[in-house]
Amino acid sequence: MINLEFEKIFGASPAQISNAPGRVNLIGEHIDYNGGTVLPMALPIGLEVALAPRRDELIRIASDKFDGIEERRLGEVKTGGWADYAVGAIEFAVRAEYLQRGVDLYISSMIPDGAGLSSSAALIVAILKAARQQSERDVTDADIAVLARQVENEYIGMPCGIMDQMAVAVSQPGEAIALDTTTLDYDLVSLPDRYHFVVLHSGQHRKLSDGRYRKRTLECEEAKKAAKRDDLCLLSECEIAKLDVAQNIRKRAFHCITEHARVLAAIEALRKDDMNAFGALMNESHFSMRDYFEISTPEINVLVADAVKYGAIGARLTGGGFGGCVVCAVDAELADAWKATLLAHHPNAKFIC
Ligand code: GLA
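Quick word on helix α9 (residues 275-291)
Here comes step 1: A rise of 1.5 Å per residue sets the reference length of α9, with its 17 residues, at 24 Å; its end C-alpha atoms lie 24 Å apart and thus fit the reference within 8%.
Here comes step 2: Those residues of α9 that fall on the buried side of the exposure criterion are Met275, Phe278, Gly279, Leu281, Met282, Asn283, Ser285, His286, Ser288 and Met289.

Comments concerning the domain arrangement of the chain
When the parts come together, some accessible area is lost, and that loss is often what is quoted as the size of the interface.
Here comes step 1: For the chain, the assigned domains are domain 1 (2-190) and domain 2 (195-351).
Here comes step 2: Placing a centre on the C-alpha atoms of domain 1 and another on those of domain 2 gives a separation of 25 Å.
Here comes step 3: Contacts between the two partners involve 32 residues from domain 1, matched on the other side by 42 residues from domain 2.
Here comes step 4: Around 2,800 Å² of area is buried between domain 1 and domain 2 when both sides are counted, 65% of it from carbon and sulfur atoms.
Here comes step 5: When the area that domain 1 buries against domain 2 is broken down by residue, the three leading residues are Ile27, Glu29 and His30, summing to 22%.
Here comes step 6: At the junction of domain 1 and domain 2, the tally comes to two salt bridges.
Here comes step 7: Residue Asp187 pairs with Arg271 through a salt bridge whose shortest N-O separation is 3.2 Å.
Here comes step 8: Put simply, domain 1 and domain 2 have 17 residue pairs in polar contact (both at pLDDT 80 or more) between them.

A look at the side chain of Arg252
Here comes step 1: Looking at where Arg252 falls in the secondary structure, it is placed in helix α8 (residues 247-271).
Here comes step 2: A residue is classified by how much of its surface remains accessible, and Arg252, at 4% relative accessible area, is buried.
Here comes step 3: Within polar-contact distance, the side chain of Arg252 engages the backbone oxygen of Tyr292 at 2.8 Å.
Here comes step 4: Setting aside its immediate chain neighbours within four residues, Arg252 contacts Arg216, Glu219, Tyr292, Phe293 and Glu294.

So, the site of the ligand
Here comes step 1: By nearness alone, 13 residues border the ligand, and Glu29, His30, Asp32, Asp164 and Tyr213 come closest of all.
Here comes step 2: Glu29 is positioned with one of its side-chain polar atoms (N or O) 2.7 Å from an oxygen atom of the ligand.
Here comes step 3: Class assignment of the residues belonging to the shell around the ligand gives a composition of five nonpolar, four polar and four charged.
Here comes step 4: Both domains that furnish three or more residues to the shell around the ligand are identified here as domain 1 (2-190) and domain 2 (195-351).

Some thoughts on the packing of aromatic side chains
Here comes step 1: If you walk through the whole model with that rule in mind, you get five aromatic pairs.
Here comes step 2: The positively charged end of Arg95 is found above the aromatic ring belonging to Phe92, 4.2 Å away from the centroid.
Here comes step 3: Sitting over the ring of Phe351, Lys339 keeps its end group 3.8 Å from the ring centre.

Side note on unusual backbone geometry
Here comes step 1: Residue His30 is not a glycine yet carries a positive backbone phi of 60°.
Here comes step 2: Inspection of the secondary structure assignment puts His30 in the loop between β1 (16-27) and β2 (37-53).
Here comes step 3: One non-glycine residue, Glu136, lies in positive phi territory at about 55°.
Here comes step 4: Locating Glu136 in the fold gives a position in the loop between α3 (119-135) and α4 (141-156).

A look at the environment of Tyr195
Here comes step 1: For Tyr195, the location among the structural elements is in strand β8 (residues 195-201).
Here comes step 2: Judged by relative accessible area, Tyr195 falls into the buried class, the value being 14%.
Here comes step 3: Sequence separation of Tyr195 and Ala312 is 117 residues, and the distance between their C-alpha atoms is 9.7 Å.

Notes on the nonpolar core
Here comes step 1: Phe197 and Phe278 are the most contacted members of the largest nonpolar core, which has 117 residues in total.
Here comes step 2: Counting residues per element, this core draws most heavily on α3, at ten residues.
Here comes step 3: Each of domain 1 (2-190) and domain 2 (195-351) accounts for three or more of the residues forming this core.
Here comes step 4: Setting aside residues no more than four positions away along its own chain, Phe197 makes contact with Leu26, Met41, Leu191, Met275, Phe278, Met282, Val327, Cys328, Ala329 and Cys353.

Focus: the sheet that holds β8
Here comes step 1: Strand order in the open sheet formed by four strands is β9-β10-β8-β11, with antiparallel pairing between adjacent strands. Edge strands, defined here as strands with exactly one partner in the open sheet, are β9 (314-317) and β11 (350-351).
Here comes step 2: Direction of pairing for β8 relative to strand β10 (residues 325-331): antiparallel, over a ladder of seven bridges. Looking across to β10, one finds that Val198 is bridged to Cys328.
Here comes step 3: Packing against the sheet, helix α10 (residues 298-309) makes contact with β9 and β10, and its axis sits at approximately 170° to β9.

Some remarks on the pairing of β2
Here comes step 1: Among the 17 residues of β2, 14 are classified as buried, and the element is accordingly described as predominantly covered.
Here comes step 2: Sheet analysis places β2 next to strand β6 (residues 175-180), joined by three bridges and oriented antiparallel. Bridge pairing in β6 links Met41 to Ala176.
Here comes step 3: Two elements, β2 and strand β5 (residues 103-109), share seven bridges in a ladder whose sense is antiparallel. What sits directly across from Val49, in β5, is Ile107.

A closer look at the state of the cysteines
Here comes step 1: Scanning all chains against the criterion turns up zero disulfides.
Here comes step 2: Of all cysteine sulfurs in the structure, the one in Cys256 sits closest to Cys233, which takes part in no disulfide; the separation is 4.9 Å.
Here comes step 3: Relative accessible area serves as the criterion here: at 3%, Cys233 is assigned to the buried category.
Here comes step 4: Classification of Cys256 as buried rests on a relative accessible area of 0%.

The rules we used
Residues numbered from 1 in each chain as written. Predicted model: local features only at pLDDT ≥ 70, side-chain atom pairs only at ≥ 80, totals over all residues. Heavy atoms only, no water. Helix = DSSP H or I, 4+ residues; strand = E, 2+ residues; numbered from the N terminus. Expected span 1.5 Å × (residues − 1). Buried < 20%, exposed > 50% of the residue type's maximum accessible area, 1.4 Å probe, protein only. Domains from an automatic or database assignment. Contact = heavy atoms within 4.5 Å. Buried area = accessible area lost by both parts, 1.4 Å probe. Salt bridge = Lys/Arg side-chain N within 4 Å of Asp/Glu carboxyl O. Polar contact = N/O pair within 3.5 Å; in protein donor to acceptor, adjacent residues only side chain to side chain. Near = heavy atom within 4 Å. Nonpolar A, V, L, I, M, F, W, Y, C, P; charged D, E, K, R; others polar. Phe/Tyr/Trp six-rings, centres within 6.5 Å; stacked < 30°, edge-to-face > 60°. Lys NZ or Arg CZ within 6 Å of the ring centre and 35° of its normal. Core = buried A, V, L, I, M, F, W, Y, C linked by side-chain atoms within 4.5 Å. Pairing = 2+ DSSP bridges. Axes fitted to C-alpha atoms, helices over the stretch in contact; angles between N-to-C directions. Disulfide = S-S within 2.5 Å.

Here is the structure:
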């Protein structure tokens, strides 16, 4: 029980408890900062936070993943340590007047870090939701997602889009969110029970703050600048062919327009209950990430290919790329046998959920 853990560490009860799930993106990668539509899904694994306001400027943070208590003061610069995401969320909650001063905070998380499952978005959103409860302000979940993205963009310095924050702030495990990342309009789409969306960690860890994610965002910026438009995903193939840019930039733009089209087709396939079409779109999405956006790795390409070879109807790298997880759509009745065969061939891969 998180309140007992909190009490053990801080010697008093928490004032607020809140949670957020991890997310896996079913399809629509790297298009949430290019005007595209994405289709992430909340996971059954998540994290919980417990928080108590303080009367001074101190922020004390403890977590079930790290020993000791991290202590910072409001307004202090970030250190590059594990607690930065939590401190950033508190700083922005104070700026938004959800909180007045410092807090004691305890974090209990089941979401693996560096796996592409949005552990950081879940942490920031859960803290902001706890802070919102504390203030009783009239703030929507979408407002929380927007503020959470600001924490990543402005405090952490990670130039991410809005997908993860929206996915973990508004959707529930078992449903996907078809999200227009320009307007933030969304539909919650239920997923068929007869298929499992299995998430496997490839065994390759990565940190999106290491610069490779940013490099892709800058490449997309170059394409947008050449096109004189921000909604890169809505360009036509013909317009991309005419852009005065280097070949690698053209490839990034090509991924964006085809990926956006695949997401729209995937949402339609779900509505028609055509899971074979959905699976085929997942596979095409992977090929595009491999060949055009170039964010996959040789190991992940083999894992994805084997996932399909052993019976998944679709499989792809998910999240920011360069490691992390794959998501596979598998017939529920075959899922256990499929998983056993795949993991026997890929001992470094790990079943997440
Ligand atoms: C990370 C970012 C998201 C999104 C994905 C790639 O998860 O946080 O905004 O760009 O990568 O689709």
